[in-house]
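Residues per chain are reported as follows:
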Amino acid sequence: MFSYIFMKILESRPSRYDWGINILTLGHAKRVKKEIVNKFVRAGMKVLDIGCGTGELMEHAARKGAYVTGIDISEGMLCIAQKRFEDVELCDKAEFNHAGITDLDRLFEDRRFDLVTSTLVFSELYPDERQWAYTEINRVLKDSGTLVLAGEVKPQGFFKRLIHFLIRLPLAAATYLIAQTGTRAVSDMAEEISLSGFEVQGEQRTLLDSFSVVWARKKSSAGTAEPSTISAFSSKRDWSIAKTFWDYIGRWFPSPVEPGLRQIGAPDKNAPVFITCNFHLTVRRVEKALSGIDAWLLVAPSNGINVWCAACGGELTTQSVSGAVKITRIANKVSHRRLVLPQFSAPGIDIRQLKQETGFNSVFGPAYAKDIPKFLKMNGEKTSDMCLAKYPLSFRLEMLLSMNALIWAFIAAFCLMINPGSLFVFSLLFWGAGIVLYAGYPWIPGNSGWLKGLGLSVLIIVGTGTGTILSGHGDWHNHWGWMLASVIICFWLGFDLRGIAEGSASEATGLLEKLGIHSIGKFYSSRSKTKGILNHDTVLCTGCRTCMGVCPKGVFDLDKREKRVFPARPEACFTCGACGYQCPEHALKIS
């Protein structure tokens, strides 16, 4: 239980992963891996470890004479695993693949492995992902091969569930805050495995019955399991007032919904297929835009983060979309092979690679879901206005609320405990300054959000001091505490304001990069392709206008005489990377 809750936190520090896991489990994770190897691995076996991490189980199996293959979605983990095998001189006994669950179909041929193992992975997957994995494991296992899974499950019995919940809750909250992820305990892993074409031979539960090790044998008479049908579900499945409320006040944190295929209206084999991320607010807005349209909506996993942030941050990728296409088997539901991707996903999804992996061609739809009906009426064409990211007053005020409500609530609670009378003044100062900065952003002098905030704080200080003097209620410096508070509040409100209210390069990101900070867990990570200066090679450019269709800032225009695209507004570019990533001729690069 403890190891799984904190797994995501420790993954951001791969070199400390085994150390942390074994401290948190009092050595339980290490013991489970050794027990699996001692009980199921024999010399000469071919073993696949799914989610191999730092290769601990693989090393034990290799030492016992097995040939081991590991896959993991974390490059950092694989680097440590490879170094582990180099140090013990067992490289000839191992093979590593940087891949996820949905890559099993392309990596391995039928009946290749004698044993498939996985620890602390399947309880992280959604039900459709697990079902896909079971089918593929059945395929790659030899007849009568063995599957051994270890992961988090829901305890049996009311009191055990209650104690488990009370212990798990603070750990889950810490994981959510630090790693921006959560866990999904399987209700009954043994039963799930049994229903997936395996003969369960045993199960061992520990840690209040919340950690399960299940071993099962592939039924020799079953052959390769047939893929199960994945049903589309209605949007009502995850409609939630609480989630909607959180969407507007908790934008700092993810708000995930279950990925999968959704049925909008009564779609048939000719209905369009739209892709989006699994951020609750985005899904609801896309569903609203598709109201009255018969369509398929494929929600790809993005860790509950919105499209643009997820695409730029490596959460909404070619692999995540490809995996969603495979898992939902949308190809069996439509006669065409065309996906409509959200335009803001262009920095993270390679449509050429996506076609190779799925057979689907992809186009980028409009920047905003509300323009989808117009996009369909225009037979998949977009006007230049439909490509632009926009920051109207309504959006800026929405961001003021969503980015600052929790901060205000935290400080307000502190005010109530220390000096209840200060709450009104603090709230007036906080939201008043916020409305001025966010609503008046385009007209306040200066290019920096921090400078705009600093300027406003100076005006507040001067106004407070002048008002005090003119009113005759004491010296102006009597209110130095509130003056200092105004500087801090305005500085905070100006933090990354330029990126939020204008869509320009983030000042906060720039500062972190100057300080040499390239990642903070999953809160922030810099990507080399989104830094530098835009370079345009006019010789390679063919005027295909792909860049014009994905640029959210309207940087490019078409030179009709030369029949080439050129950067008409280079000053607007903030190097999101979409144009260079999608240019089929590689005429655009960021360096």
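Treat the numbers as computed from the prediction; the structure is a model and nothing was measured.

Draft legend 1. Main features of the overall build of the protein. Scanning the protein from terminus to terminus reveals 24 helices and 18 strands. For the protein, the residues scored as buried account for 49% of the 591 residues in total. In the protein, of all internal contacts separated by at least 6 residues, the share reaching a separation of at least 24 is 69%. Accessible surface, the protein as shown: approximately 27700 Å² in total, 60% of it carbon and sulfur.

Draft legend 2. The sheet that holds strand β7 (residues 211-218), seen in detail. Read across the open sheet, the seven strands follow the order β3-β2-β1-β4-β5-β7-β6; overall the sheet is mixed. With partners counted over all chains shown, the strands left at the sheet margins are β3 (94-98) and β6 (198-206), one partner each. Shown here is a sheet whose adjacent strand axes are inclined to one another by a mean of 15°, direction ignored. As paired elements, strand β5 (residues 141-152) and β7 share seven bridges and run antiparallel to each other. In the sheet register, Leu-147 faces β7, and the bridge partner there is Ala-216.

Draft legend 3. The nonpolar core, seen in detail. Counting 35 residues, the largest nonpolar core has Leu-316, Val-321 and Ile-330 as its most contacted members. Elements represented by at least two residues in this core include exactly β9 (273-277), β10 (295-300), α13 (307-312), α14 (318-328) and β11 (338-341). Val-321 has contacts with Ile-275, Ala-300, Leu-316, Leu-341, Ile-349 and Leu-354, leaving out every residue within four places of it along the chain. Among the nonpolar cores identified, the runner-up in size contains 28 residues, and Phe-108, Leu-125, Trp-132 and Ala-133 belong to it.

Draft legend 4. Structural view of the pairing of strand β16 (residues 556-559). Where β16 lies against strand β17 (residues 564-567), four bridges are found, and the strand directions are antiparallel. Bridging across to β17, Phe-556 finds its partner in Pro-567. The antiparallel hairpin formed by β16 and β17 contains four residues in its connecting segment, where Lys-563 sits at a positive phi of about 60°.

Draft legend 5. Structural detail: the packing of aromatic side chains. As enumerated under the stated definition, the model contains 14 aromatic pairs in all. When the centroid spacing of 5.6 Å and the interplanar angle of 75° are considered together, the rings of Tyr-391 and Phe-395 count as edge-to-face. Relative to Phe-491, the ring of Trp-450 lies with its centre 5.7 Å away and its plane at 15°, an arrangement referred to as stacked. Of this pair, Trp-450 sits in helix α19 (residues 449-471) while Phe-491 sits in helix α20 (residues 480-494); the two residues are 41 residues apart in sequence, bridging distant segments of the chain.

Draft legend 6. Layout of the pattern of salt bridges. All told, the structure shown has 24 salt bridges when counted by the stated rule. Glu-192 is paired through a salt bridge with Arg-130; the nearest N and O atoms lie 2.7 Å apart. Residue Glu-192 is found in helix α10 (residues 189-194), and its partner Arg-130 is found in helix α8 (residues 127-140); the two are separated by 62 residues along the sequence. Overlapping salt bridges bring together Lys-30, Lys-33 and Glu-56 as one network.

Calculation notes
- Residues numbered from 1 in each chain as written.
- Predicted model: local features only at pLDDT ≥ 70, side-chain atom pairs only at ≥ 80, totals over all residues.
- Heavy atoms only, no water.
- Helix = DSSP H or I, 4+ residues; strand = E, 2+ residues; numbered from the N terminus.
- Buried < 20%, exposed > 50% of the residue type's maximum accessible area, 1.4 Å probe, protein only.
- Contact = heavy atoms within 4.5 Å.
- Areas by Shrake-Rupley, 256 points an atom, 1.4 Å probe, with all protein chains shown as cover.
- Pairing = 2+ DSSP bridges.
- Axes fitted to C-alpha atoms, helices over the stretch in contact; angles between N-to-C directions.
- Core = buried A, V, L, I, M, F, W, Y, C linked by side-chain atoms within 4.5 Å.
- Phe/Tyr/Trp six-rings, centres within 6.5 Å; stacked < 30°, edge-to-face > 60°.
- Salt bridge = Lys/Arg side-chain N within 4 Å of Asp/Glu carboxyl O.

Geometric descriptors of this kind do not, in isolation, establish any biological role.
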